[in-house]
Amino acid sequence: MSELFLQQIINGLSIGSVYALMAVGYSLVYSIMNFSNFAHGGVIMIGAYIGYFSLTFLKVPFFIAFLLSAFGSGILAVVMEKIVYRPLRKRNAPFLYFIISAMGASIFLENVVIASPIGPTFRSYPTVFSSEPIMLGNVALGRIDLLMFVISAISLMVLVYIIEKTKIGLSIRATSYSIKGSTLMGVNVDKVIFIIFVLGGLLAGLAGMLFGMRYTVYPQIGNITTKSFIAAVFGGLGSLPGAVIGSVLLGLIETMVSGYLSSQYRDLIAFALLILVLVVKPTGLMGKTTEDKA
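Residues numbered from 1 in each chain as written. Predicted model: local features only at pLDDT ≥ 70, side-chain atom pairs only at ≥ 80, totals over all residues. Heavy atoms only, no water.

1. Here we look at the pattern of salt bridges
Opposite charge on two side chains makes pairing possible when the charged atoms of those side chains draw close. This is how it is decided: Salt bridges, as used here, are contacts in which a Lys or Arg side-chain nitrogen is within 4 Å of a carboxyl oxygen on Asp or Glu. Buried residues are those whose accessible area, probed at 1.4 Å on protein chains only, stays under 20% of the maximum for their type, while exposed residues exceed 50% and partly exposed ones sit between those limits.
Applying the stated criterion to the full structure yields eight salt bridges. With a closest N to O distance of 3.1 Å, Glu81 and Arg89 form a salt bridge. Accessibility expressed as a relative area gives 2% for Glu81, which makes it buried. Arg89 sits in the buried class, given a relative accessible area of 17%. Counted as one network, the salt bridges with shared partners bring together Glu81, Arg86, Arg89, Lys90 and Asp190.

In structure tokens:
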């Protein structure tokens, strides 16, 4: 096995693991509300800025900055659900209205940041860890890449535990199967939706900070969620295992294309994969079939 191949595997796993943090946010919302929350990118962008200013302006320790980023994004996600989506839910609005509102909310958040004193400037996170890679033979393992993989893996394992082993997780699974049925069984659907937005927001904050540390922070950083949406569709919208598998596969495919062909083709391949999945298997690898898919 060549060193280039191993290097691309490592890079693909690190980027794919962060895609997974974003993709499960899409899948959580879709599994209950049956629409794609395109405002997720705005939440990730705010999380990236919270982490940046926590380290540079507040000068708090790295771990505290991570918590502030996660909780700030979680609160924002809940506020957006209450202001943007809940009025539509109460009126039983068509799913198209949810999508339009989500896109509007994302554009609103982006332009609020641009119009604020923060502005459109690209900002780089301060150095938290040494840029010197860990060498495994002739294969370089970046410290940020390792951090991305470890934090993503731990966060996703905690999420799986919540979904599979807790009472609220049982309520989420029941509601994803049938909202009407779970309501008749005494499940508080509003509480379940509140929880999934909290969980999705927390993970979005972590993903935003990790991406900001890996690259830079700017108002359009939330556009990276396009890739996580492709990964969620690839794995199957509404399926958490599918979102994780799709994200890792997409990360590996992108890095292999960049390593063996050209980085110019990575976006082309990603969108070609999206079209192929929608044409051949719209439900993705592990998705469920529904009457409405948006």
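2. Focus on the packing of aromatic side chains
Aromatic ring pairs are defined here through the distance separating the ring centres and the angle between the ring planes. To keep things clear, this is the line we draw: Note on aromatic contacts: the rings of Phe and Tyr and the six-membered ring of Trp form a pair at centre separations within 6.5 Å, being stacked when their planes are under 30 degrees apart, edge-to-face when over 60 apart, and tilted otherwise. Helix numbers and strand numbers start at the N terminus; a helix is a DSSP run of H or I with at least 4 residues, a strand a run of E with at least 2.
Enumeration according to the criterion identifies 15 aromatic pairs in this entry. With 5.1 Å between their ring centres and 65 degrees between their planes, Phe35 and Tyr85 make a pair best called edge-to-face. Note that Phe35 is positioned in the loop between α1 (3-33) and α2 (40-56) and Tyr85 in helix α3 (residues 62-90), a separation of 50 residues in sequence. The burial state of Phe35 is the same as that of Tyr85; both residues are buried.

3. Observations regarding the side chain of Glu81
Applied cut-off: A contact between two residues is defined here by any heavy atoms of the two lying within 4.5 Å.
Checked against the element boundaries, Glu81 lands in helix α3. Dropping the residues within four chain positions of it, Glu81 is found in contact with Arg86, Arg89, Ile193 and Phe197.

4. Let's talk about a nonpolar patch on the surface
Threshold: Here the term patch refers to residues with relative accessible area over 30% and no salt bridge, with like charges joined within 9 Å and nonpolar side chains (Val, Leu, Ile, Met, Phe, Trp, Tyr) within 5 Å. Working definition of accessibility: Shrake-Rupley area with a 1.4 Å probe, residue cover restricted to the visible protein chains.
Together, Leu4, Ile245, Leu249, Ile253, Tyr260, Leu261, Tyr265, Leu268, Ile269, Leu285 and Met286 give the surface a local cluster of nonpolar side chains, amounting to about 970 Å² of exposed area. At the level of secondary structure, the elements contributing two or more residues to the nonpolar patch comprise α10 (240-260) and α11 (266-280). For the nonpolar patch, the element with the highest residue contribution is α10, accounting for four residues. The residue Leu285 is located in the segment after α11 in this model.

5. Overview of the side chain of Gln7
Of note, Gln7 is situated in helix α1. Among the residues examined, Gln7 registers a relative accessible area of 17% and is labelled buried. Beyond its immediate sequence surroundings of up to four residues, Gln7 is in contact with Val139 and Ala140.

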